[in-house]
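What the coordinates show
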Amino acid sequence: MAKIKRKGQTGQAKNYMTRTQAVKKLQISLPDFRKLCIWKGIYPREPRNKKKVSKSASASTTFYYTKDIQYLQHEPLLQKFRDQKVLEKKISRALGRGDVGDAARLERNAARPDQTGKPRYTLNHVIRERYPTFIDAIRDLDDCLSMLFLFANLPSTTAVPAKMIARCERLCLEFQHYLITSHSLRKSFLSIKGIYYQANIQGEDVLWLVPYKFNQRVVGDIDFRIMGTFVEFYMTLLSFVNYRLYTTIGLKYPPKFDEAKDNQSAELAALTLEGAGLTTTAEEPKATIANGEEHGPDPKVQAEVNKLVKKLRFEDDAEKPDAEMAEGGDDGEEKPTDGIDKFEPAAPGGDVLPQPTYSGNDPSKLFSNCVFYLSRETPRQSLEFILRAFGCKRIGWDSVLGEGAFTTDESDPSITHQIVDRPIIQAATAEEGDGEDNQTARKLGPNQRYPGRIYVQPQWVWDSINNEELQAPDLYAPGAELPPHFSPFVKATQGQYDPTIPLEEQQTEGEALDAELADAQDEAESGEESEVENDMDVASDNDEEDGDEEEGEDEEEEEEEDEEDEEEEAALQRQRELEAELEGKAVKNKKVDPKVKAKLDKKKALERQKKEEAEALERAKGMLSKKKRVRYEQMEYSNNKKSGEAEKLRAKRRKLEKEKKSKA
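Residues numbered from 1 in each chain as written. Predicted model: local features only at pLDDT ≥ 70, side-chain atom pairs only at ≥ 80, totals over all residues. Heavy atoms only, no water.

1. Some words on the overall build of the protein
Tallying secondary structure elements over the protein gives 23 helices and 11 strands in all. Burial status across the protein gives 29% buried among its 664 residues. Across the protein, every contact between residues at least 6 apart in sequence was considered, and the portion connecting residues at least 24 apart equals 62%. Carbon and sulfur atoms make up 50% of the accessible area of the protein, which totals about 45,200 Å². (Helix = DSSP H or I, 4+ residues; strand = E, 2+ residues; numbered from the N terminus. Buried < 20%, exposed > 50% of the residue type's maximum accessible area, 1.4 Å probe, protein only. Contact = heavy atoms within 4.5 Å. Areas by Shrake-Rupley, 256 points an atom, 1.4 Å probe, with all protein chains shown as cover.)

Rendered as structure tokens:
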């Protein structure tokens, strides 16, 4: 006998569960249920048919998989939530009885993270469950870093405690120190939202957003409880990742934290790295271990290693001539080739692969030979991070920007580059004044510069790291019009607008012809205006009757219009002849510039060709089936939409370039 199927216990009704049923089954509050779902990565699900799942379901009903709720029943955090709920009931019961002493005792025994800093629970096991491998954690760092950098810049409120902000800031600084030490930072971009950074960590690209250092205004329509739940999870995740990254390169975690320097806005300088992974150079102090002793290789081991390396090099030199003779043939030499293989598209219109290049520049040493000084108006935090990540060891700034500078003296002769972001000051002083700037106590005159120093705007740093070479400083001089700042994360797509390519190389034949026609018409109109001005000067010496005749001729010229077809033009000409015959005046033909006429003829031929191609395409579409024709029309619609947007951008760029030429 078959098993009887009971209503509501089979099919979709069994696979789904409402949020109210889930909270009742787990026996926790709704806020704790939200926390648990966020930490465990469980999200609401939308069934195909809500009526089959539950007849009482409405549009706002939230469903979850039944298996997900069963998975949450074995979570150890449930017991922590229940214990906290029991403790709160005991405190409220004691206060209801008027037993204030008993309530105070229970309050003291309770773990208050906002007061003691000790959490009631840890999310370590959740991190291990959600990220079985370290690469999985690296791939999920994008949202983590964006959220923590955002909270590190927020002001402390009742919803966002100061200890949470301080911990977010410290974790972010630790992560930045790893990027500086490992030279993992690759690109950065200045946008309206903030500053985008991209780093390559163990082969994985990580992209995150950092807001600008402005005073943030916290509005009331943001649910900081939900965001705080994510931040609590992300803080645990980033601490795990930082520990693994530090130990991978031989650094001690956590690094030493100087609270006094941090209170003086030292930020990166408030952390001191320790461990064997630090490289020792002439400019850097030697790495130290925990007991403060200098760390270095054993002299005996190093001597043995040097002997072995010398022996291997001698053997390679002895075998090298035989190998060259075997490969070189009769000449005995192998001719080196300077060229490199290029990936050419197999068919016209195919995908263009990134071409291999020989790069002799090491991005990690891009600013290694530079000494920077940051002016007070520049973003010190972001510039310091980028410069140090790309090899700069000595960076100075004014003392008002915080501690940790290489030098606070702007007149230091070792400074090679100074980053300024203020407009050029005009030399204007009061009659009784001494010419001193109100904002500084320095006696530097307006626009005065230290000799032998390069002055650039902050965009020079970003463009240099994105292009992996130092840009020309004269393009970024103070007061100069900066070149466009392009995003390094946008990949060029064939057929779409690319701002890095000249306009002549990416515009269509029709667009180029329209632009040439517009230029030719402008030149013709300017020539006609000059002729009209000369005629008006001559007409001023004639009688009034001659002036009336010229006015009649001007009215006839205004009535004339340029038509595309020759038949319409001939009809208009015939009409003008008849009108002149009735009025007893001579017909004055309109002068047409031969350049404009040639462009118009070429444009007519191009439009005729496009019309023929469109008709041939329509005939070919008629041979397709209905299903294939619909798909082709959808594809054609999306392509036309993209090409229309690209055409608008090219027209906008053409207009800007034309305005620049006219001003020049």
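2. Things to note about the packing of helix α12 (residues 162–182) against helix α16 (residues 380–389)
Running from amino to carboxyl end, α12 crosses α16 at an angle of 30°, the nearest separation of the two axes being 8 Å. On the side of α12, the interface is formed by Gln176, Leu179 and Ile180, while α16 contributes Phe385, Arg388 and Ala389. Split into classes, the residues belonging to the contact of α12 with α16 amount to 4 nonpolar, 1 polar and 1 charged. (Axes fitted to C-alpha atoms, helices over the stretch in contact; angles between N-to-C directions. Nonpolar A, V, L, I, M, F, W, Y, C, P; charged D, E, K, R; others polar.)

3. A word on the environment of alanine 269
Examined against the element boundaries, alanine 269 turns out to sit in the loop between α14 (259–263) and β7 (271–272). Residue alanine 269 is classed as partly exposed on the basis of its relative accessible area of 23%. For alanine 269 and alanine 405, which are 136 residues apart along the polypeptide, the C-alpha to C-alpha distance reads 8.4 Å. Not counting the four nearest positions on each side in its chain, alanine 269 is found in contact with Lys261 and Gly404.

4. Quick word on the nonpolar core
A general feature of soluble globular proteins is that nonpolar side chains tend to end up buried together. Of all hydrophobic cores here, the largest spans 91 residues; its most connected members are Phe33, Phe151, Trp208 and Phe367. If you tally residues by element for this core, the top one is helix α13 (residues 224–248), at 11 residues. The residues touching phenylalanine 367, leaving out its near neighbours within four places in the chain, are Phe372, Leu387, Phe390, Gly391, Cys392, Trp460, Val461, Ser464, Ile465 and Leu470. Residues Leu87, Ile91, Ala94 and Leu106 belong to the second largest nonpolar core, which totals 5 residues. (Core = buried A, V, L, I, M, F, W, Y, C linked by side-chain atoms within 4.5 Å.)

5. Notes on the environment of glycine 275
Tracing the backbone shows glycine 275 in the loop between β7 and α15 (299–328). Looking at glycine 275, the relative accessible area reads 11%, which means it is buried. In sequence terms glycine 275 and threonine 247 are 28 residues apart; their C-alpha atoms lie 9.0 Å from each other.

6. As for the confidence of the model for the protein
For the protein, per-residue confidence averages 78 on the pLDDT scale, and 71% of positions sit at 70 or higher. Taken element by element, the protein is modelled with least confidence in helix α20 (residues 544–559), mean pLDDT 48, and with most confidence in strand β4 (residues 195–201), mean pLDDT 96. For the stretch residues 427–444, pLDDT sits under 50, and the model shows 13 contacts to residues farther than four places along the chain or on other chains. Contacts for the low-pLDDT stretch residues 543–555, under 50 throughout, to residues beyond four places or in other chains number 4 contacts. (pLDDT = per-residue confidence, 0-100.)

7. Looking at the sheet that holds strand β5 (residues 204–210)
An order of β3-β4-β5 is seen for the 3 strands of this open sheet, with the pairing classed as antiparallel. Where the open sheet ends on each side, the last strands, each with one partner, are β3 (185–190) and β5. Put simply, the sheet's adjacent strands are angled 15° from each other on average, direction ignored. Pairing between β3 and β4: 5 bridges, direction antiparallel. Within β4, the position partnered with phenylalanine 189 by the bridge is tyrosine 196. (Pairing = 2+ DSSP bridges.)

8. Some thoughts on the packing of helix α11 (residues 141–152) against α12
Helix packing for two helices is described by the angle between their axes and how far apart those axes are. Between α11 and α12, the least distance of the axes is 8 Å, while the angle of their chain directions is 125°. As far as their axial angle goes, α12 and α11 are oblique. Of the two possible hands of crossing, α11 and α12 adopt the one that is left-handed. Along the contact surface, α11 presents Leu141, Leu145, Leu148, Phe149, Phe151 and Ala152, while α12 presents Met164, Ile165, Cys168, Glu169, Cys172, Phe175 and Gln176. Its residues assigned to classes, the contact of α11 with α12 comprises 11 nonpolar, 1 polar and 1 charged. (Parallel < 35°, antiparallel > 145°, perpendicular 65-115°, else oblique. Left-handed = near helix turned anticlockwise from the far one by under 90°.)

9. Topic: the pairing of strand β8 (residues 371–374)
Burial along β8 is two-sided: the face carrying Val371 and Tyr373 and the face carrying Phe372 and Leu374 are both buried. With 4 bridges connecting them, β8 and strand β9 (residues 394–397) associate as parallel partners. Directly across from phenylalanine 372, in β9, lies its bridge partner isoleucine 395. Traced from β8 through α16 to β9, the parallel crossover comes out right-handed. Bridging between β8 and strand β10 (residues 417–419) involves 3 bridges; their strand directions are parallel. The residue bridging tyrosine 373 from the neighbouring strand is glutamine 418, located in β10. (Right-handed = clockwise from strand over helix to strand, strands pointing away.)

10. Digging into the pattern of salt bridges
Following the criterion strictly, the structure yields 19 salt bridges and no others. With its nearest N and O atoms 3.4 Å apart, the salt bridge here joins arginine 139 to glutamate 204. Of this pair, arginine 139 sits in helix α10 (residues 134–139) while glutamate 204 sits in strand β5, placing them 65 residues apart in sequence. In this structure glutamate 204 comes out as partly exposed when scored by relative accessible area, which is 22%. As a salt-bridge pair, glutamate 384 and arginine 380 come within 2.9 Å of each other at their nearest N and O atoms. Of the two residues, glutamate 384 and arginine 380 are both situated in helix α16; the distance of 4 residues between them amounts to about one turn of the helix. For the residue pair glutamate 384 and arginine 380, the accessibility class agrees, reading buried in each case. (Salt bridge = Lys/Arg side-chain N within 4 Å of Asp/Glu carboxyl O.)

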